[in-house]
Amino acid sequence: MRQAYPPGGLETREVAPGEGLFMRLFKSRCAWLLFVCVLAACNLLACSDSASVLDNPDAPTVPQSSSAKSSSSALGRFDPYYGADSASGEPVDTAGIVALELGLCSADRKNEIGRTTFCGSTCYVICDSSQWRYATMDERDVDGFPEDAPEGSIRKGNLLSLDRVYVFEDGRWRPLTFVEKKLGYCDSSIYDKIDSVRGSYYYCMAPDGDGRAEWAEIPAVQADYLLLPDSAEEDDLSYGSRSGRYFLYRLGKWHMAVIEDVVGYCYDRREGLVAKFASGYVVCRSDIWMPALREDILGPCNAESEGNVRRVRAFEFACESGSWIPVNLHSHEVDSAFYWDASVDDLGRVRLDSATATAGYFYEYTDLAFSGNSSVEYPSSVNTMGSALRLAPLVAEYGAIPLEVKMGDCYSRPYAGLGFNLWNSRVWSDSSEGVDIRRWEGLCIAYESEAPLTLAIAPEGGFVLEGGNFHKVRLEARKQAGMINIPFESFVQDSGYGYPESLETVLSSAASILFYVEGEPEKKYGFAVHAIGSLHECARWSEPGKK
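Residues numbered from 1 in each chain as written. Predicted model: local features only at pLDDT ≥ 70, side-chain atom pairs only at ≥ 80, totals over all residues. Heavy atoms only, no water.

Asks: Which residues make up the overall build of the protein, and what values do they have?
Replies: Helix and strand content of the protein: 12 helices and 32 strands. Within the span of the protein, comprising 547 residues, buried residues form 45% of the whole. If you take every contact in the protein between residues at least 6 apart in sequence, the share linking residues at least 24 apart comes to 54%. For the protein, the computed accessible surface area is about 28300 Å², with 51% contributed by carbon and sulfur atoms. (Helix = DSSP H or I, 4+ residues; strand = E, 2+ residues; numbered from the N terminus. Buried < 20%, exposed > 50% of the residue type's maximum accessible area, 1.4 Å probe, protein only. Contact = heavy atoms within 4.5 Å. Areas by Shrake-Rupley, 256 points an atom, 1.4 Å probe, with all protein chains shown as cover.)

Structure representation (structure tokens):
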């Protein structure tokens with residue numbers, strides 16, 4: 001028996017006959033420590049401070065960053081998804097070990113991805129011609145894809161967790177957009193196809209010159225127009241179900257129809273005549289077609305009809321004391337308060353926890369119901385196309401909903417803006433059910449606008465109930481964002497049109513909150529909404545730049 005270490009050393013063992021000095025040293029713990037130290041020293045010389053770069057020893061070295069130098073472990077705790085040291089957030093430097101396991105990175109191995117276990121777990125590295133670095137999820141997703149695939153080739157990514165599909169364009173693979181995944185890749189096989197995703201309409205547009213075919217988002221009225229037949233009989237009418245607009249075929253072309261094209265002209269002999277137009281009714285009043293009131297449709301409420309119940313679409317009205325009273329409106333219960341702040345929103349949706357899953361999504365609200373042509377335009381710097389929730393990119397970019405509204409010239413009092421429903425439906429509709437919001441006591445809003453902004457509350461069956469004349473308050477124009485509280489008693493109806501309804505009925509069956517600009521025909525106005533809530537809830541809002 002003889003000792004391999006001096007007395008008092010780490011351990012004792014027998015030496016096999018013929019065992020050489022190198023083998024004895026290699027099998028000792030000190031030799032193992034020496035081996036690790038040498039590798040660590042090589043690693044310090046080889047590694048750079050760029051994000052998770054593992055250098056070829058022959059490549060130029062770059063000084064380490066101070067944060068990388070302070071890492072407590074050469075191997076660290078590795079996150080297999082991103083290749084970062086989960087303790088310090090810095091790259092894991094294992095260049096020497098990776099080179100030993102996978103070989104040197106060189107030009108002929110460019111884009112090659114390898115797996116290594118010397119990072120504390122299985123991780124992936126990629127060769128960038130002269131150096132190894134950690135591979136991103138995107139690079140792993142397309143690993144093994146051919147570099148010379150036919151233009152327009154489609155292929156599913158490798159990683160199930162990403163759930164991506166790729167197309168080969170201009171010599172590279174790129175992921176399909178949300179719209180492309182839903183509707184298909186836009187190429188010559190589907191040129192001029194029109195389809196919809198989550199209430200928005202898209203048109204597969206053929207390339208213009210040297211451009212590329214793409215799905216273009218189009219208004220509902222344009223979708224209806226593009227789907228019209230190439231020809232028809234003179235003065236034929238066609239109803240566009242997507243936009244609620246009529247089209248007239250005249251002199252070999254389709255034209256946007258005005259209300260007179262559909263129901264004829266309103267003149268003295270037709271005074272009081274009720275006609276069905278689009279999804280509602282209109283009545284001839286003083287040579288102008290106006291939204292029909294309850295009496296126009298139901299007839300007079302008098303002694304003969306007292307107690308009668310009559311129906312307009314889905315709504316029932318009872319004749320009581322000379323007035324038609326709605327009897328089947330909903331009054332769902334919602335939370336006693338709500339608050340939406342664009343600076344912390346990531347969905348483009350007002351969260352109303354007691355409402356259904358479809359409530360709270362913003363939609364465009366314009367004078368379409370009055371055969372108007374006003375429109376809403378979004379900042380060109382933010383692409384809302386392809387978003388499942390189309391306003392989410394806006395609030396993410398601006399911390400607000402900034403819009404430009406263009407007033408049309410087909411309605412005498414044009415308006416355009418946004419709204420959201422309080423119980424169900426993602427879009428403006430008379431079928432949106434009402435909720436009881438009386439406990440809110442009022443509304444608050446933080447906004448800026450180049451023109452006065454109208455804030456309105458629409459009841460269930462708004463056009464049937466009030467003829468479009470909703471209880472509203474008009475707020476002054478603001479050059480700088482500011483907040484205001486408005487108690488419910490400040491909301492009133494205009495005079496001269498629509499149907500008078502009690503504020504109590506509206507608040508006990510409120511269906512939508514609307515904010516829009518009323519302006520002069522063919523003019524544009526910009527406005528932005530930063531926050532909205534029930535009375536006094538906007539006190540938590542902070543002006544931009546002061547958070």
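Okay, back to it.
Asks: Quick rundown of the state of the cysteines? Include the residues and the values.
Replies: Under the counting rule described, the total for this entry stands at five disulfides. Each sulfur of the disulfide joining Cys105 and Cys127 lies 2.0 Å from the other. For the disulfide bridge between Cys105 and Cys127, the dihedral angle about the S-S bond is near 85°, and by the sign convention the bridge is right-handed. One end of the pair, Cys105, is in the loop between α4 (95–102) and β2 (113–116); the other, Cys127, is in strand β3 (residues 123–127), and 22 residues separate them in sequence. According to the relative accessible area criterion, Cys105 is buried, its value standing at 0%. (Disulfide = S-S within 2.5 Å.)

Asks: Kindly report on the pairing of strand β6 (residues 165–169), identifying the contributing residues and their values.
Replies: Counted residue by residue, β6 has five buried out of five residues, so it is predominantly covered. What you see with β6 is no split at all: Val165, Val167 and Glu169 on one side and Tyr166 and Phe168 on the other are buried throughout. Two elements, strand β5 (residues 154–156) and β6, share three bridges in a ladder whose sense is antiparallel. Along β6, the bridge assignment pairs Lys156 with Val165. (Pairing = 2+ DSSP bridges.)

Asks: Outline the packing of aromatic side chains, listing residues and values.
Replies: We describe a pair of aromatic rings using the distance from one ring centre to the other and the angle between the two ring planes. Throughout the structure, instances matching the rule amount to 16 aromatic pairs. Taking 6.2 Å as the distance between ring centres and 50° as the angle between the ring planes, the aromatic pair formed by Tyr225 and Phe247 counts as tilted. Of the two residues, Tyr225 is situated in helix α7 (residues 220–226) and Phe247 in strand β12 (residues 245–250); the sequence distance between them amounts to 22 residues. Take Phe247: its relative accessible area is 1%, and that puts it in the buried class. Taken together through their ring pairs, the aromatic side chains of Phe338, Trp340, Phe362, Phe420, Trp440 and Phe515 make up a single cluster. (Phe/Tyr/Trp six-rings, centres within 6.5 Å; stacked < 30°, edge-to-face > 60°.)

Asks: Describe unusual backbone geometry, with residues and values.
Replies: Of note in this structure, Asp235 is not a glycine but carries a positive phi near 70°. Structurally, the position occupied by Asp235 is in the loop between α7 and β11 (236–240). In this structure, Leu251 takes a positive phi of about 55° despite not being glycine. With respect to the helices and strands, the residue Leu251 is situated in the loop between β12 and β13 (253–256). Note on Leu251: relative accessible area 72%, which makes it exposed.

Asks: Before we move on, could you go through the sheet that holds β6 and cite the residues and values that matter?
Replies: Ordered by their spatial adjacency, three strands build an open sheet running β5-β6-β7, and the pairing between neighbours is antiparallel. At either margin of the open sheet sits one strand with a lone partner, and together these are β5 and β7 (172–175). Looking at each pair of strands side by side, their axes are set apart by 35° on average, direction ignored. (Axes fitted to C-alpha atoms, helices over the stretch in contact; angles between N-to-C directions.)

Asks: Help me get a handle on the side chain of Ser509, residues and values and all.
Replies: Relative to the elements of secondary structure, Ser509 occurs in the loop between α12 (503–508) and β31 (510–518). When its relative accessible area of 1% is taken as the criterion, Ser509 is described as buried. When near neighbours in sequence (up to four residues on either side) are disregarded, Ser509 contacts Leu329, His330, Ser331, Gly434, Val435, Pro459 and Glu460.

Asks: Account for the environment of Tyr339, naming residues and giving values.
Replies: Tracing the chain through its elements places Tyr339 in strand β21 (residues 339–341). Between the C-alpha atom of Tyr339 and that of Ala539, which follows or precedes it by 200 residues, the distance is 10.0 Å. Not counting residues within four places of it along the chain, the set of residues in contact with Tyr339 comprises Ala531, Ile532, Gly533, Glu537, Cys538, Arg540 and Trp541. A polar contact is formed between the side chain of Tyr339 and the side chain of Asp341, at a distance of 2.9 Å. (Polar contact = N/O pair within 3.5 Å; in protein donor to acceptor, adjacent residues only side chain to side chain.)

Asks: Can you tell me about the pattern of salt bridges, naming the residues and giving the values?
Replies: Taken as a whole, this structure holds 25 salt bridges when the rule is applied. Close ionic contact of Asp163 with Lys156 constitutes a salt bridge, the shortest N to O distance being 3.1 Å. Owing to a relative accessible area of 43%, Asp163 belongs among the partly exposed residues under this scheme. Overall, the relative accessible area of 45% leaves Lys156 in the partly exposed class. Between Glu520 and Lys523 there is a salt bridge; the shortest N-O distance is 3.5 Å. Counted as one network, the salt bridges with shared partners bring together Glu151, Glu169, Asp170, Arg174, Glu180 and Arg212. (Salt bridge = Lys/Arg side-chain N within 4 Å of Asp/Glu carboxyl O.)

Asks: Describe the side chain of Asp367, and please don't skip the residues or the numbers.
Replies: Structurally, Asp367 is set in the loop between β22 (363–366) and β23 (375–377). In this structure Asp367 is buried but unpaired, with Arg245 as the nearest side chain of opposite charge at 6.5 Å. At 2.7 Å, the side chain of Asp367 and the side chain of Ser374 are in polar contact. (Lys, Arg positive; Asp, Glu negative; His and termini not counted.)

Asks: Account for the confidence of the model for the protein, with residues named and values stated.
Replies: Averaged over all residues, the pLDDT of the protein is 77; the fraction at 70 or higher stands at 76%. Here residues 1–92 is a poorly scored stretch, pLDDT under 50, and it has 122 contacts once near neighbours within four places are set aside; other chains count. (pLDDT = per-residue confidence, 0-100.)

Asks: Help me get a handle on the sheet that holds strand β16 (residues 288–291), residues and values and all.
Replies: One open sheet holds the three strands; their spatial order is β14-β15-β16, and the pairing between them is antiparallel. Either end of the sheet is taken by a strand with one partner, and the two such strands are β14 (274–277) and β16. Across the sheet, the mean angle separating the axes of adjacent strands is 40° when strand polarity is ignored. Pairing of β14 with strand β15 (residues 280–285), which is carried by four bridges, proceeds in the antiparallel orientation. Paired with Phe277 across the strands is Gly280, a residue of β15.

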